[in-house]
Amino acid sequence: MPELPEVETVRRGLVPAMVGHAIKHVEQRRPDLRFPLPENFAGRLEGRTIESLERRGKYLLAHLSDGALLLMHLGMTGSFLISQSEKARGKKISRSGKLVVPTSRGTHDHVVFHMSDGATVTYNDPRRFGFMLLVEPEERDTHPMLRQLGIEPLGEELTAAHLAAKAHGKRTDLKAFLLDQRIIAGLGNIYVCEALYRAHLLPTRGAASIATATGKPTAKAEALVTAIRDVLNDAIGAGGSSLRDYRHTDGKLGYFQHRFAVYNRAGKKCPREGCGGTIERLVQSGRSTFYCPRCQR
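In short, a report on the structure. Predicted model, so just to flag it, every value in this text is computed and none were measured.

Next up on the list: the overall build of the chain. When its secondary structure is counted, the chain shows six helices and ten strands. In the chain, buried positions account for 52% of the 297 residues. Taking the intrachain contacts of the chain between residues at least 6 apart in sequence as the baseline, contacts between residues at least 24 apart amount to 66%. Of the roughly 13500 Å² of accessible surface on the chain, 47% is carried by carbon and sulfur atoms.

Turning next to the environment of glutamine 181. Tracing the backbone through its elements, the reader meets glutamine 181 in the loop between α4 (174–179) and α5 (189–198). Here the alpha-carbon distance between glutamine 181 and lysine 58, two residues 123 residues apart in the chain, equals 9.7 Å. When neighbours within four sequence positions are excluded, glutamine 181 is seen to be in contact with Lys58, Gln148, Leu149, Gly150, Gly186 and Leu187. Of note is the side chain of glutamine 181, whose polar atom sits 2.7 Å from the backbone nitrogen of glycine 186.

Turning next to the sheet that holds strand β5 (residues 79–83). Spatial ordering of the open sheet is given by β1-β6-β7-β5, a layout of four strands whose pairing is antiparallel. Bordering the open sheet on either side are β1 (23–28) and β5, each of which pairs with just one other strand. With direction set aside, neighbouring strand axes in the sheet form an average angle of 15°. Here five bridges tie strand β6 (residues 109–115) to strand β7 (residues 120–124), and the two strands are oriented antiparallel to one another. Counterpart to aspartate 109 in the pairing with β7 is asparagine 124.

Most of β6 sits inside the fold, with six of its seven residues counted as buried. Alignment of β1 against β6, held across five bridges, turns out to be antiparallel. Residue pairing for β6: glutamine 28 is matched across the bridge by valine 111. Here β6 folds back onto β7, and the loop between the two strands holds four residues, one of which, glycine 118, carries a positive phi near 100°.

Ordered by their spatial adjacency, four strands build an open sheet running β2-β3-β4-β8, and the pairing between neighbours is antiparallel. With one partner strand each, in any of the chains shown, β2 (50–56) and β8 (131–135) form the two edges of the open sheet. Each strand axis lies, on average, 20° off the axis of its neighbour in the sheet, ignoring direction. Note that β2 and strand β3 (residues 59–64) share six bridges and pair antiparallel. Bridging from a neighbouring strand, serine 52 pairs with histidine 63 of β3. Helix-sheet contacts for helix α1 (residues 4–18) involve β2 and β3, and the interaxial angle to β2 is about 175°.

What follows covers the environment of alanine 235. Take alanine 235: it is sitting in helix α6 (residues 219–237). By relative accessible area, alanine 235 is classed as buried at 0%. C-alpha separation for the pair alanine 235 and glutamate 8, spaced 227 residues apart in sequence, amounts to 10.0 Å.

The rules behind each value
Residues numbered from 1 in each chain as written. Predicted model: local features only at pLDDT ≥ 70, side-chain atom pairs only at ≥ 80, totals over all residues. Heavy atoms only, no water. Helix = DSSP H or I, 4+ residues; strand = E, 2+ residues; numbered from the N terminus. Buried < 20%, exposed > 50% of the residue type's maximum accessible area, 1.4 Å probe, protein only. Contact = heavy atoms within 4.5 Å. Areas by Shrake-Rupley, 256 points an atom, 1.4 Å probe, with all protein chains shown as cover. Polar contact = N/O pair within 3.5 Å; in protein donor to acceptor, adjacent residues only side chain to side chain. Pairing = 2+ DSSP bridges. Axes fitted to C-alpha atoms, helices over the stretch in contact; angles between N-to-C directions.

The values are spatial; any link to function lies outside them.
Shown next as structure tokens:
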């Protein structure tokens, strides 16, 4: 499932094609994705201008000119593809500056937004685990999908003191703690494994070990905050990680998967200079965890 860097890369690709432009027409090619699409979905969007597009955790939030929010989630196989009309061709529309020539209708193209500048934004999702919902302005902080989300890991709220306070007294392991979306929004399995490696911390160590007995941050908490920020920024800079279905809005693949230190590298030599250890895999809460038992403590 796309994690924060992949969703942020998609957001950045969509901004030039969608923000500041009105939704001229919506093609709704089926009644549902993971959930039923909102009643009169196309009618409630057509004529509205997208004023801004933000990411909250792994969600995309399009702020509409009537005050409503279009909440979108990619699920496991969802992707957006931007195409331009002949009139608009040549205009940069994604972070790579590449355009995609419009193609014929795809089997799994479920929603198509026709924008006022001539661009079309097509949502494709073979497994239909993604979804789109409309959120009224007054529901922004109370909507079930948003109300329990934790802090943004790239925001100023992520500090060693915050992590230590949340971890203090926890009986869970450190990896499960970091995956809890109520604590940090948007972190997923891949980047938690990579961040723990960079911070030299075992995924199986207790979460409470990054705090003192009084809940103050330890050096481990400081290292973890730095590692989380660095691995996410590096992944965003590389356009995310393409393991199966993830694509940029211009159809290209991300390439951070070529920089993984531990994820999906079981049995291979630890890349940390002077370590000499071998990457191992274990299962925690049904998910694969990759780590180096020699340099992570």
